[in-house]
Every structure is written in C-alpha cells, then in structure tokens.
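# Fold and geometry: a report
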Amino acid sequence: MKHCGTQRLETNRLILRRYRIEDTGAMYRNWASDAEVTRFLTWPAHPGQEVTRRVLEDWVNRYASEEYYHWAIVLKDNGEEPVGDIAVVDMKENVSMAHVGYCIGRDWWHKGITSEALKAVMDFLFDVVDVQRIEARHDPENPHSGMVMQKCGMKYEGTLRSSDWNNQGIRDACYYALLKAER
C-alpha cells in the first residue's frame, strides 16, 4: 500500500475533510449525541460535548500518521459543518485490506449522502493508496447500512453469527467487500 494519510476528497455534493477541534459542536449536535444514530455502533451516544471534544482531539492527533484515514462528511451547500463520519477502522497490510465504517446524522438519512461518501473513499483507497480489498460490515437489523454497501458495488460475502459487538450486545455481522480487480 502507498500510505498518504487523510486527503481532502470532493464529490458533486460533498467535501470529505480532516476533522478540526472546531467541529465539536456540530459533531455532537448532528450525530454523536443521538442514541438512534449510535444504536448499531461500537461507541455510545456522547452525554456531553466534552466527550466529543476529547474524541476529536484524539482523531486530530492521529492525522500525524500517514496510515490514518478519517473524514468528516460535509455538504457543500451546508458551510463547513460536518453531518457524518467515515473512516478506515481496520487495516491489514499483509493482504492489502481496508475495513471502512461510517455514520451520518439522522437528518441526512436516506438521501444518498453516505453512499456518495463511501464511493469517494473507496475510489481514493483503490486508486491512491492501492488497497486491493475494501470491506465493511453491518448488523442484520440495520439493513440500510448494507444497502449503502451494495449501492457502492460491494458484494455480500456472508453473515458471521455472534461474531461482533455493538450497542445492542453480541450480534451477527453481515460482511460485504469489493476487490480492486472487480471494479
């Protein structure tokens, strides 16, 4: 892989950029404090902005690594305020694989924003970082997340039973992936 760190990406409607500490209020308000958004995630809704600020401080510090890929999802017509998050949450160098995770504020569900962001990140990872496999997973009770993966060309590979954990407890995980050779 050819690591280059989190780069600014643009699509028709979106800017995917690095987080800034100044994003604390927007992140907290738009998704991090919403238990419905975090329902199938591995971290609980933030009880206050101070938690969001500490998380952002950690993420911003991680940008020093060229192996760290994490974007704030910003609508071009919404100023600089992030509405969601997308990141490489796991990477396996020996098989050139990136595992991507994402979430978006409830006000922006079902508008194609997450799939537009995922497609941009996948293109970047395949074309610039030279990843050979991109995968993602979702809880079977969260089928809309799987629809995002399908819309981006990922193929369903199977469901691993009681193999994952999220805010609902021990859960099954539906895996999707796309290989660079399949594009």
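This section reports on the structure supplied with the text. (Residues numbered from 1 in each chain as written. Predicted model: local features only at pLDDT ≥ 70, side-chain atom pairs only at ≥ 80, totals over all residues. Heavy atoms only, no water.)

## Comments concerning the sheet that holds strand β5 (residues 97-104)
One open sheet holds the eight strands; their spatial order is β1-β2-β3-β4-β5-β6-β8-β7, and the pairing between them is mixed. Looking along the sheet, the strands with just one partner apiece sit at the ends: β1 (9-10) and β7 (155-166). Judged from the six bridges that link them, strand β6 (residues 133-138) and strand β8 (residues 169-179) form a sheet pairing that is antiparallel. In the strand pairing of β8, R137 is matched with Y175. The sheet strands contacting helix α1 (residues 24-32) are β4 (82-92) and β5, and the helix crosses β4 at an angle near 85°. (Pairing = 2+ DSSP bridges. Helix = DSSP H or I, 4+ residues; strand = E, 2+ residues; numbered from the N terminus. Contact = heavy atoms within 4.5 Å. Axes fitted to C-alpha atoms, helices over the stretch in contact; angles between N-to-C directions.)

## Topic: the pattern of salt bridges
Counted under the stated rule, the structure contains 21 salt bridges. Measuring nitrogen to oxygen at the nearest pair gives 2.5 Å for the salt bridge that ties R137 to D164. On the criterion of sequence distance, the pair formed by R137 in strand β6 and D164 in strand β7 is long-range, its members being 27 residues apart. The salt bridge involving R171 is made with D139; its shortest N-O contact spans 2.7 Å. Here R171, found in strand β8, pairs with D139, found in the loop between β6 and α4 (143-151); they are 32 residues apart in sequence, far enough to count as distant. Judged by its relative accessible area of 18%, R171 is buried. By sharing partners, the salt bridges in this structure join E36, R39, D139, E141 and R171 into a single network. (Salt bridge = Lys/Arg side-chain N within 4 Å of Asp/Glu carboxyl O. Buried < 20%, exposed > 50% of the residue type's maximum accessible area, 1.4 Å probe, protein only.)

## Some words on the environment of E93
Tracing the backbone shows E93 in the loop between β4 and β5. The exposure class assigned to E93 is partly exposed, which follows from its relative accessible area of 41%. Setting aside residues up to four positions removed in sequence, E93 forms contacts with M1, H3 and E67.

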